[in-house]
Amino acid sequence: MVRTILALVKKEFLQVLRDRNMLRMIFIMPIVQLFLLGYVASTDVKLISTAVYDDDRSELSREYVRSLSAGEYFVTGAPDIPLLESERGFKENRYDAALVIPHDFSKQLQESKSVDVGFIVDGTNANSASIALGYANVITRQFNERITGFSPPITLRQSQLYNPEGESVYFMVPGIVATLLTMITMLLTSMAIVREREIGTLEQLMVTPISTPALILGKTIPFALIGFLELSVALFLGVTWFRIPFAGSWGLLYLLSFLYLFTTLGTGMFISTISTTQQQAMFLSWFFAIFAIMTSGFFAPIANMPRSIQYLTYLNPLRYFMATVRGIMMKGASFDALHPQVIAMVIFGVTIFTFSWLRFSKRVK
């Protein structure tokens, strides 16, 4: 049986190497997706185009504007923009924020009195708007303390764990790694088996003395190995190119990735049993992948989703693997800390792979 499985594995690799489209799907598309999502799918809010309406026109007001634009967060224009022009700029998407400084700004500060400064943000993107308001509050408080010497009675000393630089790429790339492993192994498994049925070679295999377990293992092992290769390439680029700090155990990550493969390979087998063409298999794989990605916490925290959707995410295996990859890479989480995710992946893996195995066995008999 071992020789039969090895022969089938060799056959699958030869088919992959001879198929140029498959090679592009395996090696080029994942790398493109990694770089594209790593750079584009960013939650950082920087270079906020800000209109300035300065009615005070004093040295103190100009210093306040300079402090706001000192970093890479706000890009301020000329301080003589009319207020109505800033409103028009919002509608034309030329401005994301507007700073309104009253005429008595410097006088009130010099007399140690409170002064109201207007800061208007474009709330079309609620997340970006709240972050921009947070930046403005921090910069304003620092400016006020520096000018007036006023210090609040309680000082909050902040500390940001695991990602002190606040780089969103540290959060996104581990999620991309989990997503690529899911899509590649599931998509390749489903399409490869359906391709065999389309060209008639699956029926030829069925009439040979090859047992069903050997056939299933021979069809899934190559894509498990390809999945590990993709995982290794994505991790290598993440650590070397994107400079993602890897805090945990490499061995634990690969072990739990192997455990997760039972779910993705089983899902691919199941899709192959309900598809008659490669196009159908690709569509169903993409449909499952979209649901898995959107409810895994990849882009948005699960806690921010509606309550009904939060309950639905418990049925998503990628949710648990996503938390596992991020926990190991960013936090150095150990097996003890990840045991809830491990238990969930074991349940999903055994259930999905066994069900798909039985259904596939029934189809090939």
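These numbers come from a predicted model, not from an experiment.

## Topic: the overall build of the protein
Piece 1. The number of helices and strands found in the protein is 14 helices and four strands.
Piece 2. Relative to its full complement of 365 residues, the protein shows a buried share of 44%.
Piece 3. Of the contacts made within the protein by residues no fewer than 6 positions apart, 77% connect residues no fewer than 24 positions apart.
Piece 4. Accessible surface for the protein amounts to roughly 19,600 Å². Of this, 63% is attributable to carbon and sulfur atoms.

## A word on the environment of Asp 122
Piece 1. Position of Asp 122 relative to the elements: it lies in the loop between β4 (118–121) and α6 (126–148).
Piece 2. Expressed as a C-alpha distance, the spacing of Asp 122 and Asn 93, which sit 29 residues apart in the sequence, is 9.1 Å.
Piece 3. Apart from the residues within four sequence positions on either side, Asp 122 is in contact with Phe 90, Asp 96 and Ala 129.

## Focus: unusual backbone geometry
Piece 1. Positive phi outside glycine occurs at Arg 57, with the angle close to 55°.
Piece 2. Note on placement: Arg 57 falls in the loop between β1 (48–54) and α3 (59–68).

## Topic: the nonpolar core
Piece 1. One finds Leu 34, Leu 256, Leu 318 and Phe 321 to be the most contacted residues of the largest nonpolar core, which totals 63 residues.
Piece 2. Mapped by element, the contributors of at least two residues to this core are α7 (169–199), α9 (212–240), α10 (250–273), α11 (278–294), α13 (317–331) and α14 (339–364).
Piece 3. Once residues within four sequence positions are removed from consideration, Phe 321 is found in contact with Ala 178, Leu 181, Leu 256, Ser 257, Tyr 260 and Met 345.
Piece 4. Residues Val 45, Ile 48, Tyr 64 and Ala 132 belong to the second largest nonpolar core, which totals 18 residues.

## So, α13
Each α-helix winds once per 3.6 residues, and so residues spaced three or four apart point in a common direction.
Piece 1. Compared with an ideal rise of 1.5 Å per residue, which puts 15 residues at 21 Å, α13 spans 21 Å between its outermost C-alpha atoms and is within 8% of the ideal.
Piece 2. Along α13, 13 of the 15 residues are buried, which leaves the element largely enclosed by surrounding structure.
Piece 3. The N-cap of α13, judged by a side-chain oxygen 3.1 Å from the amide nitrogen of Leu 318 a few residues on, is Asn 316.
Piece 4. Taken from the residues just after α13, Gly 332 is the one with a positive phi, measuring 70°.

## Let's talk about the side chain of Thr 273
Piece 1. Checked against the element boundaries, Thr 273 lands in helix α10.
Piece 2. A polar side-chain atom of Thr 273 sits 2.5 Å from the main-chain carbonyl oxygen of Phe 270.
Piece 3. Separated by 2.9 Å, the side chains of Thr 273 and Arg 359 make a polar contact.

## Concerning the pairing of β1
Piece 1. With five of its seven residues buried, β1 lies for the most part within the structure.
Piece 2. Strand direction decides the pairing type here: β1 and strand β2 (residues 74–76), joined by three bridges, are parallel. Note on β2: the bridge partner recorded for Ile 48 is Phe 74.
Piece 3. What joins β1 to β2 is α3, and the crossover it makes is right-handed.

## Topic: the pattern of salt bridges
Piece 1. Within this structure, the stated rule accounts for three salt bridges.
Piece 2. Glu 59 is the salt-bridge partner of Arg 62, the closest N and O atoms lying 3.5 Å from each other. Of this pair, Arg 62 and Glu 59 are both found in helix α3, three residues apart, which corresponds to roughly one turn of the helix.
Piece 3. We classify Arg 62 as partly exposed; its relative accessible area is 36%.
Piece 4. Taking the relative accessible area as the measure of exposure, Glu 59 reaches 45% and is therefore partly exposed.
Piece 5. For the salt bridge of Arg 66 with Glu 59, the shortest nitrogen-to-oxygen distance reads 3.0 Å.
Piece 6. Take Arg 66: its relative accessible area is 46%, and that puts it in the partly exposed class.

The rules behind these values
- The residue numbering used here restarts from 1 in each chain and proceeds along that chain's sequence as written.
- Totals for whole chains, interfaces and linings use all residues, but because this is a predicted model, local features are given only for residues with pLDDT of at least 70 and pairs of side-chain atoms are given and counted only at 80 or more.
- Hydrogens and water are ignored here; the side-chain numbers use all heavy atoms of the structure.
- Numbering of helices and strands starts at the N terminus; helices are DSSP runs of H or I of at least 4 residues and strands are runs of E of at least 2.
- When a residue's accessible area, from a 1.4 Å probe over protein chains only, is under 20% of the maximum for its type it is buried; when over 50% it is exposed; and in between it is partly exposed.
- The criterion used for residue contact is that any of the two residues' heavy atoms lie within 4.5 Å.
- Using a 1.4 Å probe, the Shrake-Rupley method yields the accessible areas, and only the shown protein chains count as cover for residues.
- In this text, buried Ala, Val, Leu, Ile, Met, Phe, Trp, Tyr and Cys residues form a nonpolar core when linked through side-chain atoms within 4.5 Å.
- A helix is expected to span 1.5 Å multiplied by its residue count minus one.
- Under the rule applied, a polar contact is a pair of N or O atoms within 3.5 Å (in protein, one hydrogen donor and one hydrogen acceptor; residues adjacent in sequence only if both atoms are side-chain atoms).
- Paired strands are those between which DSSP finds at least two bridges.
- By convention, orient the strands away from the viewer: a clockwise path from the first strand over the helix to the second makes the crossover right-handed.
- The working definition used for a salt bridge is a side-chain nitrogen of Lys or Arg within 4 Å of a carboxyl oxygen of Asp or Glu.

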